[in-house]
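# Observations on chain architecture
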Amino acid sequence: MGRLTSDLIEVAPQYLNPVGQYELCLRDLKIPVIENLGVTLNQFDTIDFTNNDIRKLDGFPFLPKLKTMYLANNHITRIAEGLQQYIPNLDTLMLNNNMLQELIDIDPLATLPKIAHVSFARNPIAMKKDYRLYVIHRLPNLRTLDFNRITQKEREAARKLYKSKSGEKVKPQQLKGTNTFVPGAELVKQQQSKPRLTKADADAIKKAISEAKSLEEVERLKAKLQAGQMPGLTNTNHSNSMEQGNTYEENGTVVHVADLAHARAQELQSLLDELGHRQDKHRTALQILPRYMRRRAASYNIKRLPRSLRPLADPKTGTAKTKRPSRRYRRRPRDLLSSYTNRQRQTKWLKTHIWHAKRFHMNTLWNYRLPEKSNTKSIRPTYKSLRERCLLHDMSYYGCIQLEGSEEEILEKIKPLFPSSNNNLTPRAKMYLTGQFEGQCLIYKPNTEECLTPISFMWMPPNNQQRKLWLWCHPASYDFLARILISLFGTSSSISTEEPPVKKQKNDGEQQQKQLLPVTVTLLRDQQQLARFRLIGPLSMAILKHALHPSILPGNAIERKTAPFSWWSNQAHATDIHQKQLQFWNSNAGNTSTMMPNRIVSLVVRDPRVFTPIKPKLTIHSKTNIEKMESFPPSSIDLASSPLWNEKYRTYCCEHKLATYQINLIRSKSTVDNNELKLNEEESQIPIILIHHYDLLSPVSKQRENRNDFGSGWDIILPNEWAQLFWISLVYSGARPIGQKELSFIAHETGEFLFPQEYPDTDAGVSWTSKIESEQLTYFSKCPPSKRPNFFLNGITSPFRPLWANIVHDWAMERDPSSTVIDSHRFYVLRDRRHLSLDNFRAHLHSLVPIRISIKGKKGVIDSSTLIYLPSMDDLKDNRKTIVESRHSDQARIEERKMKKAKQSYQKGKTMVKLLEQRANNRERSIIHDCDRKLLGAITSGAYQFSKACCTGKGFIAMGGLIILSEQQKQKNAKKQSLQVLIRTMKSQYYRWASLEF
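Here is the UniProt Sequence similarities (unreviewed entry) comment for the protein, exactly as written: "Belongs to the U2 small nuclear ribonucleoprotein A family." Under Subcellular location (unreviewed entry), UniProt gives the following word-for-word description of the protein: "Nucleus".

So this is what it looks like as structure tokens:
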């Protein structure tokens, strides 16, 4: 047994129970006496003493807040007097399965003024006659007894029984036999009142024992003595039966015991078999109990069962099945880590996966488990944060490929990836070779015009003849790009570690004469070395300043050689370049409008756990005229040099990271209440790279008179092991995390075409479209036939996937029937805006043009199932009339009639699915003339746009259709920049007018 000490009370579980009361749990502690409850300082509404060894209900200090006590499964035999002085507000008392013997034992509870719920189930008093009426009589304020509501009839019966004249005789009989000691009472009278064994009785017992001839007679005599029967008081017939041992006479009838046992042997054997195999008929011990005694909690805790059934329910000795370990046991740290590792064999997790899984709907995309959308409503809050605050997105699923070697060899090898017709800036541009800016461009398949994927690239600032180039790529095309690069450079992917750069020695000439190593291709994504976050919004810089705390090098050279500065302070840029980076970081007050786009800033920051998170008060800076955007800081200042480029330093800062529990332990031992924790030499220093973007998600050519950083932001590149810690710090600083759905919403607001969803000319875009088509077709086939939209009646050929190749080929042949330059199945997207002029249109007939559609009126909806049509001249003359598509024939029904006529078996509804699959796979079929108006293109994504207060959409149209549309409305829209087109959803027959921009 253990005492209820103050230390035990302090470490006991304390929580808010389901009814909203603050509860102290003291279960299963083998407490014999209630004591030391004054340590609780009257803070708890409920105290749980279940499953202990308490024998008396007393020892309470003054606890006016205490309302509920659970004392089930104890050994309570007495209740102390005067409890109303210590627990006056006690409302509920559970005394199940205790040892209260007499009804008078509950009388001390009558002094509690607010007692309303009591339970004495499985106590000896519960078997007493009129037990329930007596308790109701003694506790008049009681509302429930033994979990049953007290009725008015029971109250009247108790009043009638105990307050009437006849009830005066009942009460002493029920209280008879109590063993309660009363101080001052005479013990001699009690001893004299006990019956004593006389000499004649003793002689009779000795005589009966001496006359016993068998063991059965001795056992029978023992049973009589225990029952209080004396052998001398029995009659003659009964004594004769004892002497003979084989007959029994009662009321003149003689029964031979041996004959009776022999005649009933079969019945007795069947009764014994039934009793012996009774437990085999029940799967659990709980099923042996009557239904009114079963409790759901007893199936999880055998101590809630009666003591006689506990051995049967024990999984080690009984017949009960072993249940699965509890969730708390299964989620132990050592088991949880191994479970997470096993679950990442098929699908990769980000370092922030656990944080996202509790707050986002997760989905498997591109072999990653990514957050899809928030558990809360997030569309309008996302737009508000985009305009006024900051959004945060984990882009660590983007893969990084490192090319290391001589600059000339790297540029020469990657030249086939950038065709001469591409006028965008590539890694060969001079502004990017310095390593001070990050660039974005498209990569094409080697020596072709087929687009592969968009990439972001950055050079390591030059410090020797060996250069490094990082290529960031979407996971949908990462593997294909890695194979192309490995084949171009003629090497395998490298995973070897590298040595940090060393200061130049006196024999510099000898080192320069050494032969350069070949270019190596390192897949940093497979090694999980880098993480990347993206902040979007006007407060991105302010949140970064609040979350990041740059490290400051000591002025003394000796101090710089000690940890935590020794691992990076020996670099060539540690003294001068690091000071320039700190000067820029401290001088920029949060307004990034004066910075050049894509500028790289490197820092070495401190551990974010050192600082206590404080909710910041951030404000939006005023707008800045774009003409004042001079190069601040100048591009000649080196801000991009960072130890993060070296693998040794990345590994060092990850291996010497203190665990979170160690940080918490140091903070708990700190005696100074300060926002900053002093770790001294144990503190980690983390290198990071910041990349500033202006109009991060909008087209490059988009111009504005004034800019307020709408769509601008920062990217953070940091070691992967520190990803979750910095993520939490950024969230505490005020950034709003987003998932894939919110990211597509932001792209819709800013007009960006997402990869791979809106890149139909790439392999990744085709794979994504095929995946969406199969999902929608599967859902369509599972719907009942009456709930499926009939696309044939609306003239829709392929409702789940736009047939871009058919559209481009049909318009090219209609515009120039002799055009056979390009295969009918190949097309490309004309993304260079310098080619979007009437003079260059005819040279790109086999291309798609990205366009934007908007509806200014109240009617009409734009979504991903919207198609774009060419209006006729009559439509342009009277654009106010309602245009309706004529009803087409139901091809599925015609086919079913043919099969029925031919007496072929078919299933209703599956014919339409089969025809849709056949039409989608037919690339030779002409589809632009299927409807009354010619089909120009389709919308890839559309929704309501908050920034324009109207429905807008993004999509593509064929170049041949755009030429005809421009010539058709050239005179009418000479002063207007937008063209008028007709749009229609696949489920509707009505056309709507919309404005088209390209």
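## Considerations on helix 27 (residues 740-750)
Judged by how many residues are buried, helix 27 sits mostly within the fold: 9 of 11 residues are covered. The set of residues buried in helix 27 consists of Q740, E742, L743, F745, I746, A747, H748, E749 and T750. Close packing links the buried residues of helix 27 with strand 14 (360-365), strand 15 (368-374), helix 15 (379-388), strand 16 (391-394), strand 33 (934-945) and strand 34 (950-958). Following helix 27 by one or two positions, G751 adopts a phi angle in the positive range, close to 85°.

## Some details on a positive patch on the surface
A cluster of basic residues, R324, R327, R330, R331, R343, K358 and R359, forms a positive patch on the protein surface. Along the chain, R330 falls in helix 12 (residues 327-330). Residue R330 is classed as partly exposed on the basis of its relative accessible area of 32%.

## A short note on the sheet that holds strand 16
The strand order 24-26-28-23-16-29 describes an open sheet built from 6 strands, whose pairing is mixed. Every interior strand has two partners, whereas the edge strands, strand 24 (600-606) and strand 29 (736-737), have only one. Of the pairings in the sheet, the one linking strand 26 (residues 685-693) to strand 28 (residues 713-719) comprises 5 bridges and is antiparallel in character. Note on strand 28: the bridge partner recorded for L690 is I716.

## Looking at the packing of aromatic side chains
Geometrically, a pair of aromatic rings is defined through the distance of the ring centres and the angle of the planes. This structure, assessed with the given rule, holds 21 aromatic pairs. The interplanar angle of 15° and the centroid separation of 5.1 Å between the aromatic rings of Y22 and F44 together place this pair among those described as stacked. Here the residue Y22 occupies a position in strand 2 (residues 22-25), and F44 occupies one in the loop between strand 2 and strand 3 (46-48), the gap between them amounting to 22 residues. F44 gets classed as buried once you look at its relative accessible area, which sits at 5%. Considering the side-chain rings of Y134 and Y162, the 5.7 Å spacing of their centres and the 70° angle between planes classify their relative orientation as edge-to-face. Of this pair, Y134 sits in helix 2 (residues 131-138) while Y162 sits in helix 3 (residues 152-162), placing them 28 residues apart in sequence.

Cut-off values and rules
- Residues numbered from 1 in each chain as written.
- Predicted model: local features only at pLDDT ≥ 70, side-chain atom pairs only at ≥ 80, totals over all residues.
- Heavy atoms only, no water.
- UniProt positions renumbered as here; feature names shortened; annotations may be inferred.
- Buried < 20%, exposed > 50% of the residue type's maximum accessible area, 1.4 Å probe, protein only.
- Helix = DSSP H or I, 4+ residues; strand = E, 2+ residues; numbered from the N terminus.
- Contact = heavy atoms within 4.5 Å.
- Patch = residues over 30% accessible without salt bridge, like charges linked within 9 Å, V, L, I, M, F, W, Y side chains within 5 Å.
- Areas by Shrake-Rupley, 256 points an atom, 1.4 Å probe, with all protein chains shown as cover.
- Salt bridge = Lys/Arg side-chain N within 4 Å of Asp/Glu carboxyl O.
- Lys, Arg positive; Asp, Glu negative; His and termini not counted.
- Charge placed at Lys NZ, Arg CZ, Asp CG, Glu CD.
- Pairing = 2+ DSSP bridges.
- Phe/Tyr/Trp six-rings, centres within 6.5 Å; stacked < 30°, edge-to-face > 60°.

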